[in-house]
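Chain residues, written in single-letter form:
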Amino acid sequence: MDVGSSLNPAIDIGQIEGGFIQGYGLFTLEELRFSPDGFLHTRGPGAYKIPAFGDIPTEMNVSLLRGSLNDRAVYSSKAIGEPPLFLASSVFYAIKYAIYSARADVGTQGTFRLDSPATAERIRMACVDRFTQQFPTVSGDFKPWFVPV
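As the structure is a computational prediction, the values presented were derived from the model and not from experiment.

A. Spotlight on the overall build of the protein. Regarding its fold elements, the protein presents four helices and two strands. Counting helices and strands in the order they occur from the N terminus, the protein gives α-β-α-α-α-β. Projected onto its principal axes, the C-alpha coordinates of the protein cover approximately 60 × 40 × 30 Å. Contacts in the protein between residues far apart in sequence, at least 24 positions, make up 65% of those at least 6 positions apart. Counting only carbon and sulfur atoms, one obtains 58% of the accessible surface of the protein, whose full area is about 10400 Å².

Structure below.
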């Protein structure tokens, strides 16, 4: 990753790893669920899921680009917070392409909508097979338990 002239490579690598995992949580786990009346159901660690030890990769290879100077910054450094966070969107799109493959295996073709975060529930329902077809569609008088944001 391009961090300019790193002031402390160990800290920069930790920031990159942390930013990526934070983005991974943002795109795959962290879902706000509100009641139809506006009450936030997903409060606290019991209901609002952030990446845990079992969710993160055991090996994560990070390297810093050398020789990328920034003449307009202190000691030629660059910010490193946002790029690795958004790089985690690659996890979301990898999941979406895996769902395309699963759908093709059962003969379902074409585009489909997958909202972020790609939770286990959304992934399962997007696969479309005998199991997911057992769930009824929502009718006009249905009051949901939660409202997606």
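B. Quick look at the packing of aromatic side chains. Tallying each qualifying case throughout the model produces five aromatic pairs. On the basis of an interplanar angle of 75° and a centroid distance of 6.2 Å, the ring pair of F27 and F86 is categorised as edge-to-face. Taken together, the residues span a long stretch of sequence, with F27 in helix α1 (residues 9-28) and F86 in helix α2 (residues 82-87) at a distance of 59 residues. Taking the relative accessible area as the measure of exposure, F86 reaches 55% and is therefore exposed. On the basis of an interplanar angle of 35° and a centroid distance of 5.8 Å, the ring pair of Y97 and Y100 is categorised as tilted. Separated by three residues within a single helix, Y97 and Y100 lie in helix α3 (residues 89-105), roughly one turn from each other. Residue Y97 is classed as exposed on the basis of its relative accessible area of 59%. Its guanidinium or amino end placed over the ring of F112, K96 lies 5.1 Å from that ring's centre, counting from NZ or CZ.

C. A look at the packing of α1 against α3. At a minimum axis distance of 8 Å, the contact between α1 and α3 shows a crossing angle of 40°. Classified by the interaxial angle, the pair formed by α1 and α3 is oblique. In this structure, α1 uses F20, Y24, F27 and T28 to contact α3, whose residues at the interface are S89, S90, V91, F92 and I95. A breakdown of the residues in the contact of α1 with α3 according to their chemical character gives six nonpolar, three polar and no charged.

D. Region of interest: the nonpolar core. Counting 13 residues, the largest nonpolar core has I99 and L114 as the members making the most contacts within it. Every element with two or more residues in this core is listed here: α1 and α3. The leading source of residues in this core is α1, at four residues.

E. Spatial organisation of a nonpolar patch on the surface. Taken together, the side chains of M125, F131 and F135 define a hydrophobic patch exposed on the protein surface, amounting to about 280 Å² of accessible area. Tracing the backbone shows M125 in helix α4 (residues 120-126). M125 gets classed as partly exposed once you look at its relative accessible area, which sits at 35%.

F. Broad picture of the layout of surface pockets. In this structure, the largest pocket encloses a volume near 750 Å³. What lines the largest pocket is a set of 23 residues, and nearest its centre among them are E121, R122, M125, V138 and F146. In terms of residue count, α4 provides more of the lining of the largest pocket than any other element does, four residues in total. Partitioned by chemical class, the residues of the lining of the largest pocket number 13 nonpolar, three polar and seven charged. In this model, the second largest pocket occupies a volume close to 200 Å³. Lining of the second largest pocket is provided by T28, L29, E31, R33, H41, T42, A47, K49, T119, A120 and W145.

Criteria and thresholds
Residues numbered from 1 in each chain as written. Predicted model: local features only at pLDDT ≥ 70, side-chain atom pairs only at ≥ 80, totals over all residues. Heavy atoms only, no water. Helix = DSSP H or I, 4+ residues; strand = E, 2+ residues; numbered from the N terminus. Contact = heavy atoms within 4.5 Å. Areas by Shrake-Rupley, 256 points an atom, 1.4 Å probe, with all protein chains shown as cover. Phe/Tyr/Trp six-rings, centres within 6.5 Å; stacked < 30°, edge-to-face > 60°. Buried < 20%, exposed > 50% of the residue type's maximum accessible area, 1.4 Å probe, protein only. Lys NZ or Arg CZ within 6 Å of the ring centre and 35° of its normal. Axes fitted to C-alpha atoms, helices over the stretch in contact; angles between N-to-C directions. Parallel < 35°, antiparallel > 145°, perpendicular 65-115°, else oblique. Nonpolar A, V, L, I, M, F, W, Y, C, P; charged D, E, K, R; others polar. Core = buried A, V, L, I, M, F, W, Y, C linked by side-chain atoms within 4.5 Å. Patch = residues over 30% accessible without salt bridge, like charges linked within 9 Å, V, L, I, M, F, W, Y side chains within 5 Å. Salt bridge = Lys/Arg side-chain N within 4 Å of Asp/Glu carboxyl O. 1 Å grid on protein atoms, 1.4 Å probe; cavity = no way out; pocket = protein on both sides within 12 Å on 5 of 7 lines; lining within 4 Å. Points joined across faces, edges and corners; volume = space filled by probe spheres on them.

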